[in-house]
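# Overview (structure and organization)
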Amino acid sequence: MTVAKMGFLVDRLNRDCSPLQFVRELTKNAVEAVERCDPPIGEIRWDVDWNRFDLLGPDSAQKLCIIDTGLGMSGDEMVEFINKLSSSIHEQSATGNFGVGAKISAAPLNPEGLVYLSWKDGLGSMIHLHKDPNTGDYGLLRFGNGEFWQHIQNDVKPEPIDTHGTMVVLLGSSLNENTVLAPPGAKMPRKWILRYLNSRFFTFPEGVTVSVREGWDLPRGTRHNFLRKATGQGPWLAENAADQGQVRLPSNKANLHWWIIKPDVDTNSGHYVPGGHVGALFQNELYEIASSSAGYARLQAFGIVFGGDRVVLYIEPDNDPLSMVTANTARTQLLIGSEPLDWSSYAAEFRELMPERLREYQDEIGSGSKQTDHRKAIRERLRTVRELFRFGRYRPRPGGQYNVTPGENTGGESENDDKKKRENSSISGSRGGARGDIYALFAEEVGTPADLINLPTEPQARWISLEDKTRNAGDLEDRAARYLPEQNLLLINGDFRAFTDMVDRWAERYANIPGCRSTIQDVTREWFEQQLIETVMSALALKQGGKWSMQELPELWSETALTASVLPRYHIDMSIKRILGQRLGRVAA
């Protein structure tokens, strides 16, 4: 079997790669090259190709390179392993080296070429992999000797290579491109490779030292132009953790590692991913890291509602023949049996098994928040419009009126509605009928008999803010709230401007009453809280109409939808005016 239009295939595979994946692939190849040495000790550097820079002069473009002191390759070996798409000098396996990573992630970003210089047993060889501008295919340049490789003099051997090692030079899209500069969108542009390596690798093998050039645009020999060691995220977490541990998740066949970062740790250097993130750990590499706002949201799903900016969670799934863990070809995602990680299942089990220390940590922060329980007042008001929600909980009972599916605990219909639906199912299309596939006529109503408990189950609401340190900077920024359906919990952003503007409006009107602001804030929060609770309850109630699926309903309680629900303020303003008139007296005309 051969491949037609190889250039198209390589470019297409590259689209699935993350922008900086080539750094991972070339680093991993270098690590494996060092591990093939006896003993497996060596050095890896991400640096400037200083020989090229010196030969071409100070006005030439700097070219990024990676250097390792691994076993090295001969010219024939480089032709064999570099010029074939799925070929590698390292052992290939489903959970190991694929033989395609460096090529598909690096070659399309460097059509001018990747130059490999490698020394083995003291003898140097060179190849030049590039994209043919005429055909669009990737391949090796033919040298003057007729071969696709040629010997190279030791005069251009870079530090720290002695008798064996390899240097790969990234030429970019042209000879004039400075490939040391960070690609668009890279975090910490002045330290982009260091930041990426530390966020991609958990640890490097013992005996392998990895370093990265900083201050490459400054004169060599100065203290700001130097090599900084990359360690991976693990050593940083171990050094800066106030507490840490591991939880076994037996149902999910995984371990969950957790850390609480010390409060005084400086996270402004950008060398590592700070607290407030969640990721997956596999073979000492990190995958699917969610940080910043996405990280806080995922931490909250795991039950870390308060203080998430100092918490780190890593899922490490078991890797066994019955649940083999692999990475996708682009190394961007972990798969178990070809399926993505089930983050919601991990979160649900961890919430049940959360260590007491993490619970205490959250209690310490949550206890400092200013919370007023509005549930009783809201519940009494909602009771008057209960029939509009048609909302309740099911209690399993033999002979119950309703059939409920496993896990269904909200919603419900009257007995007459349920009976009517069954009688009309063949013509209404509720089970398919003439409007659905013919096999829908044979659908079986399977469920657990249950009675409807006609009590509202409004979500629990917690107000969070920067002031009392229950909200992390950047989380829910300019958003009203976030609903966590698995916990039936509403997190309401007390700093959202629709809320604070309303408080300011009434505080100005009652400026003549000392200490009125706390009362105004409490009343304002109560009415906005009710608005958000009604939005969530009404959304859940829509499920009973049979027109909304559980895949569509979350759109109704998304952060965007919840924010929109509190933007109409006339009726809320009227309610606040009435309650404040009772508590603080009427506003002077």
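Predicted model, so just to flag it, every value in this text is computed and none were measured. (Residues numbered from 1 in each chain as written. Predicted model: local features only at pLDDT ≥ 70, side-chain atom pairs only at ≥ 80, totals over all residues. Heavy atoms only, no water.)

### What about the overall build of the chain?
Check the secondary structure of the chain and you find 18 helices and 23 strands. Within the chain, the fraction of its 589 residues that count as buried is 47%. Of the roughly 29600 Å² that the chain leaves accessible, carbon and sulfur atoms contribute 50%. (Helix = DSSP H or I, 4+ residues; strand = E, 2+ residues; numbered from the N terminus. Buried < 20%, exposed > 50% of the residue type's maximum accessible area, 1.4 Å probe, protein only. Areas by Shrake-Rupley, 256 points an atom, 1.4 Å probe, with all protein chains shown as cover.)

### Remarks on empty space enclosed by the protein
With the rule as written, the count across this model stands at two cavities of 30 Å³ or more. Space inside the largest cavity adds up to approximately 90 Å³. If you go around the largest cavity, you meet 14 residues; those closest to its centre are Trp192, Ile193, Val212, Arg213 and Trp216. Of all the secondary structure elements, the ones that give two or more residues to the lining of the largest cavity are β1 (42-48), α6 (192-200) and β8 (208-214). (1 Å grid on protein atoms, 1.4 Å probe; cavity = no way out; pocket = protein on both sides within 12 Å on 5 of 7 lines; lining within 4 Å. Points joined across faces, edges and corners; volume = space filled by probe spheres on them.)

### Here's the deal with the nonpolar core
By size, the foremost hydrophobic cluster in this structure holds 44 residues, and its most contacted members are Leu26, Trp46, Trp192 and Leu197. The element best represented in this core is helix α2 (residues 21-35), accounting for six residues. Of all hydrophobic cores here, the second largest spans 38 residues; its members include Leu382, Phe496, Trp506 and Val566. (Core = buried A, V, L, I, M, F, W, Y, C linked by side-chain atoms within 4.5 Å.)

### Points about the packing of aromatic side chains
Summed over all chains, the structure comprises 15 aromatic pairs. Taking 6.0 Å as the distance between ring centres and 55° as the angle between the ring planes, the aromatic pair formed by Phe302 and Phe350 counts as tilted. Of this pair, Phe302 sits in the loop between α8 (292-301) and β14 (311-317) while Phe350 sits in helix α9 (residues 343-353), and the two are 48 residues apart along the sequence. With respect to class, Phe302 is no different from Phe350; both count as buried. An aromatic cluster of at least three residues, connected via ring pairs, comprises Phe302, Trp343, Tyr346 and Phe350. A cation over an aromatic ring shows up here: Arg190 above the ring of Trp216, its NZ or CZ 5.6 Å from the ring centre. Arg381 extends its terminal NZ or CZ atom over the ring of Trp527, reaching a point 4.0 Å from the ring centre. (Phe/Tyr/Trp six-rings, centres within 6.5 Å; stacked < 30°, edge-to-face > 60°. Lys NZ or Arg CZ within 6 Å of the ring centre and 35° of its normal.)

### Concerning the sheet that holds strand β13 (residues 285-290)
Paired through backbone hydrogen bonds, the strands of a sheet run either parallel or antiparallel to each other. Overall, mixed pairing links the five strands, which are arranged β10-β11-β14-β12-β13 in an open sheet. Here the strands that pair on one side only, and so sit at the sheet edges, are β10 (241-249) and β13. Neighbour-to-neighbour, the strand axes of this sheet turn through a mean angle of 20°, independent of strand direction. (Pairing = 2+ DSSP bridges. Axes fitted to C-alpha atoms, helices over the stretch in contact; angles between N-to-C directions.)

### Description of the side chain of His257
Tracing the sequence through the fold places His257 in strand β11 (residues 254-261). Residue His257 is classed as buried on the basis of its relative accessible area, which comes to 13%. Within the local environment of His257, its side chain forms a polar contact with the side chain of Gln246, the two groups lying 3.3 Å apart. Among the polar contacts listed, one links the side chain of His257 to the side chain of Glu316, at a separation of 2.7 Å. (Polar contact = N/O pair within 3.5 Å; in protein donor to acceptor, adjacent residues only side chain to side chain.)

### Here we look at the sheet that holds strand β16 (residues 334-336)
Taking strand neighbours across the sheet as the criterion, the three strands line up as β15-β16-β17 in an open arrangement whose pairing is antiparallel. Among the strands making up the open sheet, the edge pair consists of β15 (325-327) and β17 (339-340).

### Describing the pattern of salt bridges
Taken as a whole and assessed by the stated rule, the structure comprises 28 salt bridges. For Glu285, the salt bridge identified is with Arg24, shortest N-O distance 2.7 Å. Taken together, the residues Glu285 in strand β13 and Arg24 in helix α2 connect sequence positions 261 residues apart. Exposure class is identical for Glu285 and Arg24. Each is buried. Here Asp475 makes a salt bridge to Arg482, at a shortest N to O gap of 2.9 Å. A network of salt bridges, in which partner residues are shared, links Arg24, Glu25, Lys28, Arg200 and Glu285. (Salt bridge = Lys/Arg side-chain N within 4 Å of Asp/Glu carboxyl O.)

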